[in-house]
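# Examining the three-dimensional arrangement
Here's the letter readout for the chains.
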Amino acid sequence: MKPVKKNKAEEPELEPLCCCEYIDRNGEKNHVAACLCDCQDLDEGCDRWITCKSVGPETCERIMDTISDRLRIPWLRGARKVNISILPPLFLLPVFLRVASWHFLLGVVVLTSLPVLALWYYYLTHRRKEQTLFFLSLGLFSLGYMYYVFLQEVVPKGRVGPTRLALLTCGLFLILLALYRAKGNPGYLRHPASNDRSPSGSQTECLIRKGPDKTKGFPGADLSGGLNNRMPKDEVKGSCRTAAGSPAKVKEDWCARCQLVRPARAWHCRICGVCVRRMDHHCVCCVGESNHQAFILALLIFLLTSMYGITLTLDTICRDRSVFTALFYCPGVYANYSSALCFTCVWYSVIITAGMAYIFLIQLINISYNVTEREVQQALRQKTGRRLLCGLVVDTGQYSRGFLRNWHQFSTLGTHPFHHPAEDIV
């Protein structure tokens, strides 16, 4: 018993963190108040910037890592880290919209530059394969700020009754609920070791036989985890991708990154770093088999609520004019700052709504042809798809079973996540 007591006495007890303390990326205890202390990279970068010398990309990356690690808020049992990508919309969006309300020309410049900046940031993060909360923060804060302006500037004018306001508020809450469901599990594929079901005998034998080539993946699967090259039919028949007892046409693919055998139409999301069942695309969240319906529902509710809010606002600030006419001709709207801000927010909402309507239209077309956005991009790269309606429709002809059957299959997504009819996945 004595040695046991001695070992317990020698073990250092970890002191609980207070609300302002945290463990930094170097594993050391730090304090929120010391966020500006001991930052050699930042001091060096400022010195080079003052002396008009260039700052290397590695130095900038280290500075951003330090800032993101020290940007925290006090919390119970230690300060919580704040994702720096959620902050720009909270400050820049109100500033830009209020500046755009000063004059018509300023409004044109600001409202034109905002989508360009958003697309540039999307391209930058997508190319670097980085996860970001910027677009989720922009979307949620845009909803909240538009609703705040509506309550502060439009409702007091007396043209919006309690029933209309309640209907608009209900639509806003339905959007948030649908987004919450869309942010759920899209259908992540688990590693075989973590599944309750063990692989069949033929699959196990195949993996053992292919053991030396495990790092290279199965033939026909590239190292990037994508499905850029499918196996020919004669190789599929002789390979062990098809499990014993399953239909001969069922295709499966090996992901070299996740080290698992994935079914057809499953893709590896390079942003999430995991394979997703029937993956469509990745935007504010990964859209796959389990949350595709919630994503479509969120888009639909957003479009209806946004158009209703735009109609109510234009009917208030531009009376006795139709919605389309008021968008392009509303005399005297810049006479006072309140109506100018409302008009600017209307145009900002129109731009966002038009973008979401385009995405919604593409999604409806893809569902009607039973293709995913990833399959469309692959078909365009390999020139195996058939373009229709000036390229708006890309028909791969691989999974489509007719308009009604395609929509019926989409309406039942996620109900049987592990079993699909052979004709659906071939």
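Residues numbered from 1 in each chain as written. Predicted model: local features only at pLDDT ≥ 70, side-chain atom pairs only at ≥ 80, totals over all residues. Heavy atoms only, no water.

## Description of the state of the cysteines
- The full count for this structure, using the stated rule, is one disulfide.
- Two residues share a disulfide in this structure: C318 and C330, whose sulfurs sit 1.6 Å from each other. The sign of the S-S torsion, about -105 degrees, decides the handedness of the disulfide formed by C318 and C330: left-handed. Taken together, the residues C318 in the loop between α10 (292–317) and α11 (323–328) and C330 in the loop between α11 and α12 (337–369) connect sequence positions 12 residues apart. C330 shares its class with C318; the two are buried.
- Free of any disulfide, C272 has its nearest cysteine sulfur in C269, 3.7 Å distant. (Disulfide = S-S within 2.5 Å. Helix = DSSP H or I, 4+ residues; strand = E, 2+ residues; numbered from the N terminus. Buried < 20%, exposed > 50% of the residue type's maximum accessible area, 1.4 Å probe, protein only.)

## Examining the packing of aromatic side chains
- Counted by the stated rule, this structure contains 10 aromatic pairs.
- Centroid distance F328 to W347: 5.6 Å. Interplanar angle 80 degrees. Geometry classified as edge-to-face. Residue F328 is located in helix α11, and its partner W347 is located in helix α12; the two are separated by 19 residues in the primary sequence.
- By relative accessible area, W347 is classed as partly exposed at 23%.
- Here the aromatic cluster, defined as three or more aromatic residues joined through ring pairs, consists of Y121, F134 and F135.
- Taking NZ or CZ as reference, R265 lies 4.0 Å from the ring centre of Y399, over its face. (Phe/Tyr/Trp six-rings, centres within 6.5 Å; stacked < 30°, edge-to-face > 60°. Lys NZ or Arg CZ within 6 Å of the ring centre and 35° of its normal.)

## Details of helix α4 (residues 87–100)
- Look at α4: 21 Å from first C-alpha to last across 14 residues, which is about the 20 Å you get at 1.5 Å a residue.
- Inspection of α4 places P89, L93, P94, L97 and A100 among the buried residues, and these make up the whole buried set. (Expected span 1.5 Å × (residues − 1).)

## Quick word on the UniProt feature "transmembrane region" (unreviewed entry) in the protein
- Sequence positions flagged by UniProt for "transmembrane region" (unreviewed entry) are, in local numbering, residues 82–99, 105–124, 133–151, 163–180, 294–314 and 334–361.
- Span residues 105–124 is 100% helix and 0% strand, its end C-alpha atoms 29 Å apart. (UniProt positions renumbered as here; feature names shortened; annotations may be inferred.)

## Digging into the environment of Q398
- Position of Q398 among the secondary structure elements: in the loop between β12 (393–395) and α14 (403–411).
- Taking the C-alpha atoms as reference points, Q398 and V371, 27 residues apart in sequence, are found 8.3 Å from one another.

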